[in-house]
Amino acid sequence: MLTFERDSKRTDFMEIQTNFSLKNYNTFGIEASAKQFVAVHSLAELKKVLEQYKSEKKFILGGGSNMLLTQNIDALVIHVDLKGKKIIKETDDSVWVESQAGENWHEFVLWTIEQNFGGLENMSLIPGNVGTTPVQNIGAYGTEIKDTFESCEAMEIENQEMKTFTKAECHFGYRESIFKNEVKGQYIITSVVFKLTKQNHNINISYGDIKAELAKNNAETPTLRDVSNAVIAIRQSKLPDPKELGNSGSFFKNPILLKSDFEKIHQKFPEMKYYEVSATEVKVPAGWLIEQAGFKGKRFGDAGIHKNQALVLVNYGNASGQEILYVSKNIQETVFKTFGIAIEAEVNII
């Protein structure tokens, strides 16, 4: 159970706790504390907290899956725990599904598959909650949130007004959105609407090891569930369960290079893997670069690099956020020195 040390006080709706441990609220399992902490379960509660604590510094917390805590949070941590999902519109071919921000992403994906709604199956088993998925424009195995995203509702922190962001307004890019840039820290996403297929699903099995996994299971005409199961099997074989070994999934973004720059590097390292992303750009797998730089499976005290996937940094038990950050910087410097390629953290460093 989570504990808090000093006193706590109540607003009209919920309890504000002080010196609150965030160890169970971040998938790295880092021991850090919040000056104040509150979980909100409705828009009314969220509005009340923002009104009553207008002058307080705030930190918005979702599923805790895409961050590395390197220090205690000297702010009011608001844990967005809004639950619920519903169909808001449908045609013969499509369905628009709204999920509240606090829904677990993987459970939501499985629910859509149970309804035979297509579009999210390739993103099975990604850790975190629905509300944070547009922030990063999360993606896996050839699909991204922007492919099915319709809109999201968000509450403005300053005045508690609700705003709808359309896909165009979100300025989605590779692990990028307006929420990481132009309006960073100004809004709290409260729900997301996805447009999914009801029939004639676009089954995408072209990326990574999905085809091989499906062949292993004799799935010649794969269903949504077949694709999801294949993705789950691949991820489980490569990625540790955060409940068993603290991690935040992929720690680094795959670098995107201009073809002209890449060609010079490729001449020097002809074995380097890459994927074309446009007529002028290629993507290089960061995991390959890190593995070739000699880091895969290495351990530095309780901080390390996973033995099956070099993209994943792990906490073997009692690593601090600073120790994991040190390892990540060491990796970045070595990769740049070796290949002349800069790799960026995908995880938010707090």
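Reading guide: rules and limits
Residues numbered from 1 in each chain as written. Predicted model: local features only at pLDDT ≥ 70, side-chain atom pairs only at ≥ 80, totals over all residues. Heavy atoms only, no water. Helix = DSSP H or I, 4+ residues; strand = E, 2+ residues; numbered from the N terminus. Buried < 20%, exposed > 50% of the residue type's maximum accessible area, 1.4 Å probe, protein only. Lys, Arg positive; Asp, Glu negative; His and termini not counted. Salt bridge = Lys/Arg side-chain N within 4 Å of Asp/Glu carboxyl O. Polar contact = N/O pair within 3.5 Å; in protein donor to acceptor, adjacent residues only side chain to side chain. Pairing = 2+ DSSP bridges. Axes fitted to C-alpha atoms, helices over the stretch in contact; angles between N-to-C directions. Contact = heavy atoms within 4.5 Å.

Turning to the side chain of lysine 180, a few remarks are in order. On the secondary structure map, lysine 180 appears in the loop between β12 (162-166) and β13 (187-197). Buried and without a salt bridge, lysine 180 has glutamate 176 as its closest oppositely charged side chain, separated by 4.5 Å. Within the local environment of lysine 180, its side chain forms a polar contact with the side chain of glutamine 136, the two groups lying 3.0 Å apart.

This brings us to the sheet that holds strand β20 (residues 313-315). Ordered by their spatial adjacency, four strands build an open sheet running β14-β20-β19-β18, and the pairing between neighbours is antiparallel. Looking at the sheet topology across the chains shown, the edges are occupied by β14 (246-247) and β18 (299-300). Bridge count between β14 and β20: two bridges; the pairing is antiparallel. Along β20, the bridge assignment pairs asparagine 247 with valine 314.

Another point: the sheet that holds β13. Taken together, the five strands give an open sheet; going across it, the order is β7-β8-β13-β11-β12, and neighbouring strands pair in antiparallel fashion. Edge strands, defined here as strands with exactly one partner in the open sheet, are β7 (85-90) and β12. Ignoring which end each strand starts from, the neighbouring axes of this sheet average 25 degrees apart. Where β7 lies against strand β8 (residues 94-100), five bridges are found, and the strand directions are antiparallel. By the bridge assignment for β8, isoleucine 87 is matched with valine 97. In the packing of helix α1 (residues 43-52) onto the sheet, contacts are made with β11 (149-156), β12 and β13, and the angle to β11 comes to roughly 40 degrees.

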